[in-house]
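Listed here are the chains, written in short residue letters.
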Amino acid sequence: MAKQQSTCPVKGFKTMCGGQALIEGIMMRGPKKQAIVVRRPDGELEIKTTELKLIKDRYPILGLPLIRGVVTFLASMVEGVKALMFSAEFYPEDGEPEEPSRLEQWLEAHLGSEKMAGFVVGLSVALGIALSIGLFFLLPTLLGSAVTLVTDSMLARNVAENLLKLAIFVGYLALCSRMKDIHRVFQYHGAEHKTIFCYEAGLPLTVENVRKQPRHHPRCGTSFLFMVIAISIVVSTVVFSIWPIHHTLLRFLAHLLMLPLIVAVSYEFNRWAGRHDGPLTRILVAPGLWLQNLTTFEPEDDMMEVGIKALELVLPERQGEDAW
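Just so we're clear, the structure is a prediction, and the values are computed from it rather than from any experiment.

Caption draft 1: Inspection of the pattern of salt bridges at higher detail. Evaluated as defined, the whole model comprises 14 salt bridges. Residues E24 and R184 are paired through a salt bridge, measuring 2.5 Å at the closest nitrogen-oxygen approach. On the criterion of sequence distance, the pair formed by E24 in the loop between β1 (18–22) and β2 (25–29) and R184 in helix α6 (residues 180–200) is long-range, its members being 160 residues apart. A relative accessible area of 26% means that R184 is categorised as partly exposed. The shortest N-O distance in the salt bridge between E300 and R184 comes to 3.6 Å. Note that E300 is positioned in the loop between α10 (279–295) and α11 (301–314) and R184 in helix α6, a separation of 116 residues in sequence. With a relative accessible area of 36%, E300 lands in the partly exposed category. Overlapping salt bridges bring together E24, R184 and E300 as one network.

Caption draft 2: Focus on helix α5 (residues 154–177). An ideal rise of 1.5 Å per residue puts 34 Å on 24 residues; α5 measures up with 35 Å between its terminal C-alpha atoms. The N-cap residue of α5 is S153: its side-chain oxygen and the backbone nitrogen of L155 are 3.3 Å apart.

Caption draft 3: Structural detail: the side chain of N162. Position of N162 among the secondary structure elements: in helix α5. Taking the relative accessible area as the measure of exposure, N162 reaches 10% and is therefore buried. Setting aside residues up to four positions removed in sequence, N162 forms contacts with I233, S236 and T237.

Caption draft 4: Fine view of the pairing of strand β3 (residues 33–39). Of all seven residues in β3, six are buried; the element is thus mostly enclosed. For β2 and β3, the ladder comprises five bridges, and the chain directions are antiparallel. Note that in β3 the partner of R29 across the bridge is Q34. Hairpin connection between β2 and β3: a loop of three residues separates the two successive antiparallel strands. Bridging between β3 and strand β4 (residues 45–51) involves seven bridges; their strand directions are antiparallel. By the bridge assignment, K33 is partnered in β4 with E51. Connecting the antiparallel pair β3 and β4 is a turn made up of five residues, with G43 showing a positive phi of about 95°.

Caption draft 5: Molecular detail of the sheet that holds β3. Reading across the sheet, the four strands line up as β1-β2-β3-β4 and stay open at both edges, with antiparallel pairing between neighbours. Two strands close off the open sheet at either side, each with one partner strand: β1 and β4. Adjacent strand axes in the sheet meet at a mean angle of 15°, parallel and antiparallel pairs treated alike. Relative to β1, α6 is tilted by about 160°, and along the sheet it contacts β1, β2 and β3.

Caption draft 6: Broad picture of α10. For α10, which comprises 17 residues, the first-to-last C-alpha distance of 24 Å matches the rise-based estimate of 24 Å (1.5 Å per residue) to within 8%. Most pronounced at A286, the bend in α10 amounts to some 45°, and the proline P287 follows within four residues. Buried positions along α10 lie against α5, α6, α8 (221–242) and α9 (248–275).

Caption draft 7: Seen up close, the packing of α5 against α9. It is at 14 Å that the axes of α5 and α9 come closest, and there the two elements cross at 55°. The pairing of α5 with α9 is recorded here as oblique in orientation. Pair α5 / α9 crosses with right-handed handedness. Between α5 and α9, the residues in contact are M154, R157, N158, E161 and K165 and T248, R251 and H255, respectively.

Caption draft 8: Spotlight on the environment of T222. Along the polypeptide, T222 turns up in helix α8. Taking C-alpha positions, T222 is 6.5 Å from G288, a pair spaced 66 residues apart along the chain. Excluding residues within four positions of it along the chain, T222 makes contact with L173, H189, G288, L291, Q292 and T295.

Caption draft 9: Layout of the confidence of the model for the protein chain. The share of residues in the protein chain with pLDDT of 70 or more is 88%, and the mean pLDDT across the chain is 87. Taken as a whole, residues 1–9 scores under 50 in pLDDT and shows 26 contacts with residues more than four places along the chain or in a different chain.

Caption draft 10: Highlighting the side chain of S223. Within the element layout of this structure, S223 appears in helix α8. Taking the relative accessible area as the measure of exposure, S223 reaches 6% and is therefore buried. Of the polar contacts made by the side chain of S223, one reaches the side chain of Q292; its length is 3.0 Å. Here S223 is in contact with H217, P218, N270, G288, L289 and Q292, once residues within four sequence places are set aside.

About the criteria used
Residues numbered from 1 in each chain as written. Predicted model: local features only at pLDDT ≥ 70, side-chain atom pairs only at ≥ 80, totals over all residues. Heavy atoms only, no water. Salt bridge = Lys/Arg side-chain N within 4 Å of Asp/Glu carboxyl O. Helix = DSSP H or I, 4+ residues; strand = E, 2+ residues; numbered from the N terminus. Buried < 20%, exposed > 50% of the residue type's maximum accessible area, 1.4 Å probe, protein only. Expected span 1.5 Å × (residues − 1). Polar contact = N/O pair within 3.5 Å; in protein donor to acceptor, adjacent residues only side chain to side chain. Contact = heavy atoms within 4.5 Å. Pairing = 2+ DSSP bridges. Axes fitted to C-alpha atoms, helices over the stretch in contact; angles between N-to-C directions. Bend = angle between axes of the 7 residues up to and from the residue. Parallel < 35°, antiparallel > 145°, perpendicular 65-115°, else oblique. Left-handed = near helix turned anticlockwise from the far one by under 90°. pLDDT = per-residue confidence, 0-100.

Here is the structure:
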C-alpha cells in the first residue's frame, strides 16, 4: 500500500498529513492513522502506528469553527508529549536505563502503569502550557509595567509589552536552536517538512527527491505559534485601547481570558493560509516562514528516511482522502 501511495494524485496537491519532530524520530498524522518512527541507537527503526480517534467524531460541536482550534491545539499537545516520551525511551540521558524515583514508584503503585502514564502526560501538558503563558504573556506584562515609571500612556505600555513578546519569543527560539540535542530535533523537523513537500509535489518519496525540497512549510507549528503571538498583539492593543487596564495583575488576567479566542483565530487563519497561495497570503505567512530558520535545519539522509517511512504509514488507501 505504501508503494502505491508514494506519490500524490495531482501536482500542487495539499495534504492534511502533518507531523512533529521527536528525539531521533518523527511522528506523522494522516486522516485516519498516526505513526511514530524512531531511529534506535543500533540504527534500526522503531515503529508505532495507531488508529486516530478524534474527539470531534464523538462530539461534533467540538469540530465547529473557533471551537476546533482550542480542541485541536490541546489534543496536539497531548499526542506530542506522548510521542516525545516514546522516542525518549530509546535515548536515556546517561545511556543507561534510569531507576524509577520514589515518586514514580509511589504513583505506579497507587495508579498503575497506564494511569500513571496518563498522569505524567497531563502534568507535562499543563506545565508546558503554564510555561508558555508565563514566558510569552506574564513576563512581558510584568516587564512592560516598568513603562509606568516614566509615563502613564497606555499606548507606550502596549507598545512596550508587544515588543517584549516578540523579543522573548524570537530569543527563546534562537536559544533553543543553539542547543546540540535540540538542533538534531530541528533537523528532523526539516526532514518532516521536506517529506511533506515531496509528497505534495507529486514526486516519488525517495531520499533524492525529498532532499531537493524546501524546509520551510506554511502549515508549520512555528508559524502557528508566531500567529498566536501576532494576533495576541493585535487583540490586546485593541482591547486595552478601548478599556485601559493599568493594574498589572488585571492586565495579565485579561490576557488569559483572551487567549482561547486568540488560539482559535490563529488556528482558523492557518487553515485559510494553507489553502491559498495569493500575494496577500505570502505576505502574511512570511514572518512565520522566516522564523522557521530557527526551528528547521537541513536533515541528514537517514533522517529523511525516517520522514518517508512515517508518512508512508499514514497515507490513506484511496488517493485524495487526505486533501487539505
